[in-house]
Amino acid sequence: WGNRTCPQCGTASPARQRGPDYCAAMIEIEQATSIHIEAVGRLFDLYRRFYECDPDLDLATSYIRERIERGESFIHVATIDGEAIGFVQSYPTFCSVDAIKRHVLYDLYVDESHRDAGVGARLMDAARDAAIADGAKRVDLETAHDNAPGQHLYEKLGYERVEGFFTYSLEL
C-alpha cells in the first residue's frame with residue numbers, strides 16, 4: 001500500500017517490502033476466552049503441523065479448550081476484522097534457583113499470509129505484559145537452532161540467548 005499511510009486507518013508507516021496490506025494498528029490482541037477456542041484450535045493445529053505433527057484439529061482444539069477452561073496457560077489471540085491470524089501461549093511456573101515466578105513462552109504462531117506485519121511482535125508483547133501482570137520476573141523460551149526468523153524477533157524484542165545449558169526430556 002505504498003509508502004506513507006495505511007489507506008484503511010491513516011496510520012503513518014514506512015513502505016512495506018513484504019507482508020499483507022494493513023498496518024499493525026489494525027491488529028487486535030486480546031486474551032483468549034471460550035469464544036476463541038475454535039479459532040485458536042485451528043491455529044494451534046497449523047502450528048503443530050509446522051513442527052511436523054500430523055494434522056489433528058480435534059486434538060488441537062481439545063488441548064486449547066482444556067488450557068482455557070482450566071486457566072492453565074495464558075493465551076493471546078491476534079485478530080484482524082474478526083479473523084484469528086495468530087496466537088501466543090505461555091505457562092506460569094517458577095525458578096527455584098532465582099526464587100522467582102516466571103513464564104515459559106511455549107507457542108507462537110502467525111498464519112503464513114499475515115507474517116511480516118508485526119503480528120508476532122505484538123503477540124510477544126502481550127505475553128510479556130501478561131507475565132508482568134501475573135507477577136513473573138522473567139519470560140523464558142526455547143526455539144529451534146534453525147529458526148532464524150524467530151531468533152531475530154526474540155533478540156529484537158530484548159530476549160538474550162542463554163549459553164551453557166542443554167535441554168533434556170524424559171518421556172513418561
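Please refer to the structure higher up on the page.
These remarks concern the structure in this document.

Quick notes on the rules
- Residues numbered from 1 in each chain as written.
- Predicted model: local features only at pLDDT ≥ 70, side-chain atom pairs only at ≥ 80, totals over all residues.
- Heavy atoms only, no water.
- Helix = DSSP H or I, 4+ residues; strand = E, 2+ residues; numbered from the N terminus.
- Buried < 20%, exposed > 50% of the residue type's maximum accessible area, 1.4 Å probe, protein only.
- Contact = heavy atoms within 4.5 Å.
- Areas by Shrake-Rupley, 256 points an atom, 1.4 Å probe, with all protein chains shown as cover.
- Salt bridge = Lys/Arg side-chain N within 4 Å of Asp/Glu carboxyl O.
- Expected span 1.5 Å × (residues − 1).
- Core = buried A, V, L, I, M, F, W, Y, C linked by side-chain atoms within 4.5 Å.
- Pairing = 2+ DSSP bridges.
- Right-handed = clockwise from strand over helix to strand, strands pointing away.

## Some details on the overall build of the protein chain
Point 1. Within the protein chain, the regular secondary structure consists of 4 helices and 5 strands.
Point 2. Reading the protein chain from its N terminus to its C terminus gives the helix and strand order β-α-α-β-β-β-α-β-α.
Point 3. For the protein chain, the residues scored as buried account for 40% of the 172 residues in total.
Point 4. If you take every contact in the protein chain between residues at least 6 apart in sequence, the share linking residues at least 24 apart comes to 52%.
Point 5. Carbon together with sulfur atoms contributes 50% to the accessible area of the protein chain, which is approximately 11,000 Å² in total.

## What about the pattern of salt bridges?
Point 1. Overall, the coordinates contain 13 salt bridges when judged by the stated rule.
Point 2. Across the pair Arg 70 and Glu 72 runs a salt bridge whose closest N-O atoms are separated by 4.0 Å.
Point 3. The salt bridge partner of Lys 101 is Asp 134, with a shortest N-O separation of 2.9 Å. One end of the pair, Lys 101, is in strand S4 (residues 100-110); the other, Asp 134, is in the loop between helix H3 (119-133) and strand S5 (138-141), with 33 residues separating them in the sequence.
Point 4. By relative accessible area, Lys 101 is classed as partly exposed at 24%.
Point 5. Residues participating in the shared-partner salt-bridge network are Glu 66, Arg 67, Arg 70 and Glu 72.

## Remarks on H3
Point 1. The first and last C-alpha atoms of H3 sit 21 Å apart over 15 residues, in line with the 21 Å expected at 1.5 Å per residue.
Point 2. Three or more residues of H3 are buried, namely Val 119, Gly 120, Ala 121, Leu 123, Met 124, Ala 126, Ala 127, Ala 130 and Ala 131.
Point 3. Trailing H3 by a residue or two, Gly 135 shows a phi angle of about 90°, which is positive.

## Looking at the side chain of Gln 89
Point 1. Position of Gln 89 relative to the elements: it lies in strand S3 (residues 83-95).
Point 2. When neighbours within four sequence positions are excluded, Gln 89 is seen to be in contact with Phe 44, Tyr 63, Ile 64, Arg 67, Ser 73, Phe 74, Ile 75, Val 104, Leu 105, Tyr 106 and Asp 107.

## A closer look at the nonpolar core
Point 1. Leu 105, Leu 108, Val 119, Leu 123 and Met 124 are the most contacted members of the largest nonpolar core, which totals 21 residues.
Point 2. For this core, the secondary structure elements donating two or more residues are strand S2 (74-80), S3, S4, H3 and helix H4 (148-156).
Point 3. Ranked by residue count, the leading element in this core is H3, at 6 residues.
Point 4. Ranked by size, the runner-up nonpolar core spans 14 residues in total, among them Leu 43, Ile 64, Ile 75 and Val 77.

## A word on the pairing of S4
Point 1. Along S4, 9 of the 11 residues are buried, which leaves the element largely enclosed by surrounding structure.
Point 2. Two elements, S3 and S4, share 10 bridges in a ladder whose sense is antiparallel. By the bridge assignment for S4, Gln 89 is matched with Asp 107.
Point 3. Counting the residues that bridge the hairpin from S3 to S4 gives 4 residues, and of these Ala 99 lies at a positive phi of roughly 55°.
Point 4. As defined by bridge partners, S4 adjoins S5 across 4 bridges and the pair is classed as parallel. Each residue of the ladder has a partner; that of His 103, found in S5, is Val 139.
Point 5. Chirality of the crossover, the property in question, places the unit of S4, H3 and S5 among those that are right-handed.

As far as function goes, none of this settles anything; it's purely spatial.
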